[in-house]
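Understanding the architecture of this molecule
Each chain is listed here by its residues.
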Amino acid sequence: MEVLEAIKTRRSIRRYKTIPVDDKTIKLVLEAARWAPSWANTQCWRFIVVRDSEIKDRLADTLIAVSADRPNRAAEAIRNAPVAIVACAELGKSGYHAREPKELVTDKGDWFMYDVALAMQNLTLAAHSLGLGTVHIGAFDAKKVADILGVPKGFCVVSMTPLGYPGEEPPVRPRKELSEIVFYDKYGVE
Ligand SMILES: Cc1cc2nc3c(=O)[nH]c(=O)nc-3n(C[C@H](O)[C@H](O)[C@H](O)COP(=O)(O)O)c2cc1C
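Residues numbered from 1 in each chain as written. Predicted model: local features only at pLDDT ≥ 70, side-chain atom pairs only at ≥ 80, totals over all residues. Heavy atoms only, no water.

1. A closer look at a nonpolar patch on the surface
Filter applied, for reference: Patches here: salt-bridge-free residues with over 30% relative accessible area, like charges joined within 9 Å, nonpolar side chains (Val, Leu, Ile, Met, Phe, Trp, Tyr) joined within 5 Å. Using a 1.4 Å probe, accessible areas were evaluated by the Shrake-Rupley method; residue-level cover was limited to the displayed protein chains. A pairing counts as a salt bridge when a side-chain nitrogen of Lys or Arg comes within 4 Å of a carboxyl oxygen of Asp or Glu. Secondary structure elements are defined from DSSP: runs of H or I of at least 4 residues count as helices, runs of E of at least 2 residues count as strands, and each element is numbered from the N terminus.
Judged by side-chain polarity, V3, L4 and I7 come together as a nonpolar surface patch covering roughly 320 Å² of accessible area. In this structure, L4 sits in helix α1 (residues 3–9).

Right, dumping it as structure tokens:
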């Protein structure tokens, strides 16, 4: 699948078939994540592959509802997909000068979110190109997830995704027009 086609046809998948995903395929999507760019090649990301049903259930219970009237729709996906991949980051690496004392390079803080997002988007696109579904999940209690998975201090759990064969074909979600989000030479100039 071409990159542009993969970008345009990927959808968030929240229903999964029970078909297992083999180790070789899981490694392929993790390879895609591994090859993402990162701040000064610091590669602050770590990935935890969860197949154990009981652990997946506990992860699903950490998801937080974004709107008051309905639960986080991805919780059942974490429960039912054969695999969940949880992305963590080592803090104090991305966005910092390499030399001691450790100081931020920019006024934008630790860049761990950015690096992990790049890796996870590589992973989700690679998964899609292999016929697998994913959904980026950000709304969960990161401290609870760290406890469940034994993530050490100094790391932050950033996101997770189920991984499995899609059990649904969701409709395309609309995107803003380029004219609404792209400016030329100065902000606001179309
Ligand atoms: C940073 C981030 C966090 C997200 N968190 C959740 C989540 O907690 N639960 C969920 O169901 N979807 C979550 N999503 C999926 C978005 O709702 C989805 O990507 C968006 O509606 C566009 O749909 P599409 O992915 O099918 O194009 C998240 C996506 C991103 C990028």
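There is more to say after this.
2. A closer look at the environment of Y165
To keep it simple, the criterion reads: Partly exposed describes any residue whose relative accessible area lies between the buried limit of under 20% and the exposed limit of over 50%, with all areas from a 1.4 Å probe on protein chains only and scaled to the type maximum. Between two residues, a contact is recorded if the distance between any of their heavy atoms is within 4.5 Å.
With respect to the element layout, Y165 can be found in the loop between β3 (155–163) and α7 (178–181). Exposure remark for Y165: the relative accessible area of 24% places this residue in the partly exposed category. Linking Y165 and R15, residues 150 residues apart in sequence, is a C-alpha distance of 8.7 Å. What Y165 contacts, discounting residues up to four positions off in sequence, is R15, Y16, K17, I19, P20, V21, G131 and L132.

3. Observations concerning the sheet that holds strand β1 (residues 45–50)
Note the threshold: What makes two strands pair is DSSP finding at least two bridges between them. For helices, the fitted axis covers only the stretch in contact; all axes are lines through C-alpha atoms, and the angles between them, taken along N-to-C directions, range from 0 to 180 degrees.
Sheet architecture is open: three strands sit in the order β1-β2-β3, paired in antiparallel fashion. Taken across any chain shown, the strands that pair with only one partner, and hence form the sheet edges, are β1 and β3. Across this sheet, the average inter-strand angle for adjacent strands is 20°, counted without regard to direction. Here eight bridges tie strand β2 (residues 83–90) to β3, and the two strands are oriented antiparallel to one another. Within β3, the position partnered with V86 by the bridge is M160. Here helix α5 (residues 112–129) sits on the sheet and contacts β1, β2 and β3; the angle it forms with β3, its principal contact strand, is near 15°.

4. Description of the site of the ligand
Stated formally: We call a residue near a molecule or strand whenever a single non-hydrogen atom of that residue lies within 4 Å of it. Polar contacts here mean pairs of N or O atoms no more than 3.5 Å apart (in protein, one a potential hydrogen donor and the other a potential acceptor; neighbouring residues in sequence count only if both atoms are side-chain atoms). Gly falls in the polar group here, along with every residue not listed as nonpolar (Ala, Val, Leu, Ile, Met, Phe, Trp, Tyr, Cys, Pro) or charged (Asp, Glu, Lys, Arg).
Lining the immediate environment of the ligand, one finds 13 residues, of which S12, R14, N72, R173 and R175 sit closest. Here R10 contributes a side-chain N or O atom positioned 2.9 Å from an oxygen atom of the ligand. Between the ligand and the protein, one listed contact pairs an oxygen atom with a side-chain N or O atom of R173 at 2.9 Å. Considering the ligand on its own, with 620 Å² of exposed area, one finds that the protein chains cover 66% of that surface. Looking at side-chain class alone, the shell around the ligand contains four nonpolar, four polar and five charged residues.

So, to be careful, I would describe these as geometric facts and stop short of saying anything about function.
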